[in-house]
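Listed below, chain by chain, are the residues.
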Amino acid sequence: NEVMVGGIAVRPFKSIDEAVDCVINGGDILQGSAIAINPEKVMLAKTDEELRSAIDTSVLRYADGIGVVRTIRRKGFSNVRIPGCDLWQALMVKSAELEIPVMLIGAKPEVSQKVVSRLKELGVSVVYACDGYSFDESEVINALINHKPKIISIALGSPKQERLIYRLQQAYPEAFYQGVGGTFDVYVG
Ligand code: UDP
C-alpha cells in the first residue's frame, strides 16, 4: 500500500484521519520516524546521502506537496495532501483523547512555552519540552528514558531535526518521531 514517487515509497492517505490512524492505532503507536515528502525532497534525495538514509530508515513517508499527490493520483490511487503541521495537530488532539505522552523539542523559548500551555489546555500530556536553542542533548535522552514519551515532535528545521531524530532514535527507539519544521511558530502565531 505504498506508491513509488521518484524512488521513494510514499503512503497514500485519503484523509488526515487515516494518517492519524496509521500512527495511533488504538493504544499502539507506530514506532519510527515520519518524513513529509515533497518534490524538492524527491530531487534532493537523489544526491544527498544523509537525506536518503533518513528516508530509507523512516517508517512512514507521507505526501506533503501537491506534486507528489498528483504523481500518486496518476498511478491510480486516491489520496490527499497531508501537510506536516496538520498531521501534527491532529496527532495532538488524538493523543489528548488517548492520554498518550508527548515530548516537544524546538522553536524559540517563548514559542515553545506557548505551545506547551496551549496543548495542556487541550488536555495533551506533555511530559517534557524544551526550546531548540539551548537544550542539552544528554538531558533530552535522560528525559526520553525517564518519561517514555510515545510521540516526539521536533521543530528545528531541516536537516537539523532529521539529524537529531536519528541520534535520539539510537538511544530510544520506542516512539513515533516527527520533524515538524516551523509548525510550532504557526501554531502559536
Ligand atoms: N529552530 C530551532 N533551533 C535552531 C534552528 C531553528 O529551534 O537551531 C526552530 C525555529 O525557531 C523554527 C523551526 O526551527 O521554529 C524551523 O523553522 P523553519 O521555518 O526554518 O523550518 P522549515 O519548516 O522550513 O523546515
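Fair warning: this is a prediction, and the values are worked out from it, not measured in the lab.

Q: Residue-level account of the domain arrangement of the chain, with values.
A: Partitioning the chain into structural domains gives domain 1 (3-74) and domain 2 (84-188). Between the C-alpha centres of domain 1 and domain 2 the distance comes to 19 Å. Across the contact, 18 residues belong to domain 1 and 21 residues belong to domain 2. When residues of the side of domain 1 that touches domain 2 are traced back to their parent elements, those giving at least two are α1 (16-23), β5 (32-37) and α3 (49-56).

Q: Describe the site of the ligand, with residues and values.
A: In the region of the ligand, 14 residues are neighbours, and A107, G132, G157, G181 and G182 sit closest. The residue makeup of the shell around the ligand, split by class, is five nonpolar, six polar and three charged.

Q: Describe the confidence of the model for the chain, and please don't skip the residues or the numbers.
A: Within the chain, residue pLDDT values average 97, and 100% of them lie at 70 or more. Scored as a whole, the predicted complex attains pTM 0.97, and scored at its interfaces, ipTM 0.93.

Q: How would you summarise unusual backbone geometry if you had to cite specific residues and measurements?
A: With an omega of 0°, the peptide bond running from S158 to P159 counts as cis. Inspection of the secondary structure puts P159 in the loop between β9 (151-155) and α8 (160-171). Despite not being glycine, E99 has its phi angle at roughly 55°, a positive value. With respect to the helices and strands, the residue E99 is situated in the loop between α5 (84-98) and β7 (101-106). A positive phi angle is found at A107, which is not glycine, with a value near 75°. Classification of A107 by C-beta neighbours within 10 Å gives buried; the count is 27.

Q: Any details on the pairing of strand β6 (residues 60-63)? Residues and values, ideally.
A: Residues in a regular strand point their side chains to alternate faces of the sheet. Side-chain alternation along β6 places L60 and Y62 on one buried face and R61 and A63 on a second face that is also buried. Relative to β6, β5 runs parallel, the two being bridged by four bridges. Considered in β6, the bridge of A34 is made with L60.

Q: Break down the environment of A171 for me, with residues and values.
A: Note on placement: A171 falls in helix α8. Separated by 169 residues in the primary sequence, A171 and E2 have C-alpha atoms spaced 29 Å apart.

Q: Give a description of the sheet that holds β9 that names residues and reports values.
A: The strands that make up a sheet pair up through hydrogen bonds in the backbone, lying either parallel or antiparallel. One open sheet holds the six strands; their spatial order is β6-β5-β10-β9-β7-β8, and the pairing between them is parallel. Where the open sheet ends on each side, the last strands, each with one partner, are β6 and β8 (125-130). Across the sheet, the mean angle separating the axes of adjacent strands is 20° when strand polarity is ignored. Pairing of β9 with strand β10 (residues 176-179) involves four bridges; the strand directions are parallel. Residue pairing across strands places I152 opposite Y177, the latter belonging to β10. Along the sheet, α8 contacts β5, β9 and β10; its crossing angle with β10, the most-contacted strand, is approximately 165°.

Q: Tell me about the nonpolar core, and please be specific about residues and values.
A: Judged by nonpolar contacts, the single largest core of 55 residues is most densely connected at V10, I37, Y62, A63, L91 and I154. Taken domain by domain, the makeup of this core includes at least three residues from each of domain 1 (3-74) and domain 2 (84-188). Residues within four places of Y62 in sequence aside, it is in contact with V10, R11, F13, A19, A34, A36, I37, I82 and L87.

Q: Give a detailed account of the packing of α1 against α5, specifying residues and quantitative values.
A: Put simply, α1 and α5 touch, their axes get as near as 10 Å, and they point 60° apart. Taken together, the axes of α1 and α5 are oblique relative to one another. α5 is crossed by α1, and the crossing has right-handed handedness. The residues of α5 that touch α1, namely those facing I16, A19, V20 and V23, are D86, L87, A90, L91 and K94. Looking at side-chain class alone, the contact of α1 with α5 contains seven nonpolar, no polar and two charged residues.

Parameters at a glance
- Residues numbered from 1 in each chain as written.
- Predicted model: local features only at pLDDT ≥ 70, side-chain atom pairs only at ≥ 80, totals over all residues.
- Domains from an automatic or database assignment.
- Contact = placed C-beta atoms within 7 Å.
- Helix = DSSP H or I, 4+ residues; strand = E, 2+ residues; numbered from the N terminus.
- Near = placed C-beta within 6 Å.
- Nonpolar A, V, L, I, M, F, W, Y, C, P; charged D, E, K, R; others polar.
- pLDDT = per-residue confidence, 0-100.
- Buried ≥ 20, exposed ≤ 12 C-beta atoms within 10 Å, placed from the backbone.
- Pairing = 2+ DSSP bridges.
- Axes fitted to C-alpha atoms, helices over the stretch in contact; angles between N-to-C directions.
- Core = buried A, V, L, I, M, F, W, Y, C linked by C-beta atoms within 7 Å.
- Parallel < 35°, antiparallel > 145°, perpendicular 65-115°, else oblique.
- Left-handed = near helix turned anticlockwise from the far one by under 90°.

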